[in-house]
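Residues per chain are reported as follows:
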Amino acid sequence: FTRAWQNGLAFGHSLERPDGGADPDLMHARVNSLSVSDTVMLWTKDDEPESFIDLFRVLFEFVADSFMAGLPLRGAVVEGPISVSTVQHTAASAVFQTRVLGRALVDAHELEKSQSWSGCIFDPSGLEHYENKRTQSKSSLWSVDQLRNLRKLISFDVSMKGGSAKYDTLNWTIRTRNDLDRVKVEKLFRLWNKSSQSKRIDTIIENTLRFIDHVYG
């Protein structure tokens, strides 16, 4: 899980180890992150178009790599301010306090928790904000429509707890499609001892397969 997350942050750059292996080179990271257990928060330094695309690229790698490692994720991308601070107190031992606050954090958490599948959705107001900033700056970066035409963003009726709603979603399957049939998806969902008798997991699997079929069917 940590390796998938760090690979995304490093944008594919790596450092060789003396034993011949390699680790993600986080000197190239341009997206901030905080991980607590299996929850990862990602945020950018500002709301410029370049920062949005950096975040998009990290999510693309992270969601796909995590899924293939047997750790299917739910994600939500929103736009808004947050406040982050880390304080180190030196006493008998070093004590660190890290705080992440802001309405955007609450919105992302609520939107993530409302989903019943493995995937990542984009709040419409965030995409509108990106498009407005991109247009104002006359940026040559992909427009939202271009991301849709390239099928990096897929419009999909996402299964939510209590219903469904149409969102632009991250097409993380681009990197993994050749390996994603029903048997492989079910195996990945249950790789880390998820209950084979869980109706909730069965529903999430079916909703995820429905997305894959929607993309490639």
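Summarised in this report is the structure supplied together with it. Worth saying up front: this structure is predicted, and the values here are computed from it rather than measured. (Residues numbered from 1 in each chain as written. Predicted model: local features only at pLDDT ≥ 70, side-chain atom pairs only at ≥ 80, totals over all residues. Heavy atoms only, no water.)

Glancing now at the side chain of Thr169. The residue Thr169 is located in strand β10 (residues 163-170) in this model. Beyond its immediate chain neighbours, meaning those up to four positions away, Thr169 contacts Trp117, Cys120, Ile121, Phe122, Lys152, Leu153, Ile154, Phe156, Val158 and Phe211. (Helix = DSSP H or I, 4+ residues; strand = E, 2+ residues; numbered from the N terminus. Contact = heavy atoms within 4.5 Å.)

Relative to β10, strand β8 (residues 119-122) runs antiparallel, the two sharing 2 bridges. By the bridge assignment for β10, Phe122 is matched with Asp168. Bridge count for strand β9 (residues 153-160) against β10 is 8 bridges, and the pairing is antiparallel. Note on β10: the bridge partner recorded for Met160 is Gly163. (Pairing = 2+ DSSP bridges.)

This paragraph deals with the pairing of β9. Among the 8 residues in β9, 6 count as buried, and that is most of the element. What sits between β9 and β10 in their antiparallel hairpin is a turn of 2 residues, with Gly162 showing a positive phi close to 100 degrees. (Buried < 20%, exposed > 50% of the residue type's maximum accessible area, 1.4 Å probe, protein only.)

With that settled, the discussion passes to the pattern of salt bridges. Applying the stated criterion to the full structure yields 11 salt bridges. Salt-bridge contacts for Glu112 lead to Arg74; the nearest nitrogen and oxygen are separated by 2.9 Å. Here the residue Glu112 occupies a position in helix α3 (residues 103-113), and Arg74 occupies one in strand β5 (residues 74-77), the gap between them amounting to 38 residues. Here Asp202 and Arg190 are joined by a salt bridge, their closest N and O atoms 2.5 Å apart. Note that Asp202 is positioned in helix α7 (residues 199-216) and Arg190 in the loop between α6 (182-189) and α7, a separation of 12 residues in sequence. Members of the salt-bridge network, linked through shared partners, are Asp47, Glu48 and Lys133. (Salt bridge = Lys/Arg side-chain N within 4 Å of Asp/Glu carboxyl O.)

What follows deals with the side chain of Glu112. Judged by its relative accessible area of 16%, Glu112 falls in the buried class. Look past the residues within four positions of Glu112 in its chain and what remains in contact with it is Arg74, Gly75 and Ala76.

Time to look at unusual backbone geometry. With a phi close to 55 degrees, Lys138 is a non-glycine residue in the positive phi region. Tracing the sequence through the fold places Lys138 in the loop between α4 (124-136) and α5 (144-149). Despite not being glycine, Arg151 shows a phi value in the positive range, around 65 degrees.

This next bit is on the nonpolar core. Of all hydrophobic cores here, the largest spans 41 residues; its most connected members are Phe52, Phe122, Leu170, Trp172 and Val185. The element that contributes the greatest number of residues to this core is helix α2 (residues 49-68), accounting for 10 residues. In this structure, Phe52 is in contact with Phe122, Leu127, Tyr130 and Leu147, ignoring residues within four places of it in sequence. (Core = buried A, V, L, I, M, F, W, Y, C linked by side-chain atoms within 4.5 Å.)

Moving on to the sheet that holds β8. Read from one edge of the open sheet, 4 strands run β5-β8-β10-β9, paired in mixed fashion. Every interior strand has two partners, whereas the edge strands, β5 and β9, have only one. With direction set aside, neighbouring strand axes in the sheet form an average angle of 45 degrees. Note: β5 against β8, 4 bridges, orientation parallel. Paired with Ala76 across the strands is Ile121, a residue of β8. α2 contacts β5, β8, β9 and β10 of the sheet and is inclined by roughly 110 degrees relative to β10. (Axes fitted to C-alpha atoms, helices over the stretch in contact; angles between N-to-C directions.)

What follows is about the environment of Arg182. Relative to the elements of secondary structure, Arg182 occurs in helix α6. Sequence separation between Arg182 and Ile212 is 30 residues; the distance between their C-alpha atoms is 9.8 Å. When neighbours within four sequence positions are excluded, Arg182 is seen to be in contact with Glu206 and Leu209.

Quick look at the packing of aromatic side chains now. Per the counting criterion, the structure on display carries 9 aromatic pairs. Summarising the aromatic geometry, the rings of Phe52 and Phe56 are spaced 6.3 Å apart at their centres and angled 45 degrees between planes, so their arrangement reads as tilted. With Phe52 and Phe56 both in helix α2 and 4 residues apart, this pair spans about one turn of that helix. No difference in accessibility class separates Phe52 from Phe56, as the two residues are buried. Counting every residue linked through ring pairs, the aromatic cluster contains Phe52, Phe56, Phe122 and Tyr130. Over the ring of Phe60 we find Lys152; its NZ or CZ atom is 5.5 Å from the centre of that ring. (Phe/Tyr/Trp six-rings, centres within 6.5 Å; stacked < 30°, edge-to-face > 60°. Lys NZ or Arg CZ within 6 Å of the ring centre and 35° of its normal.)

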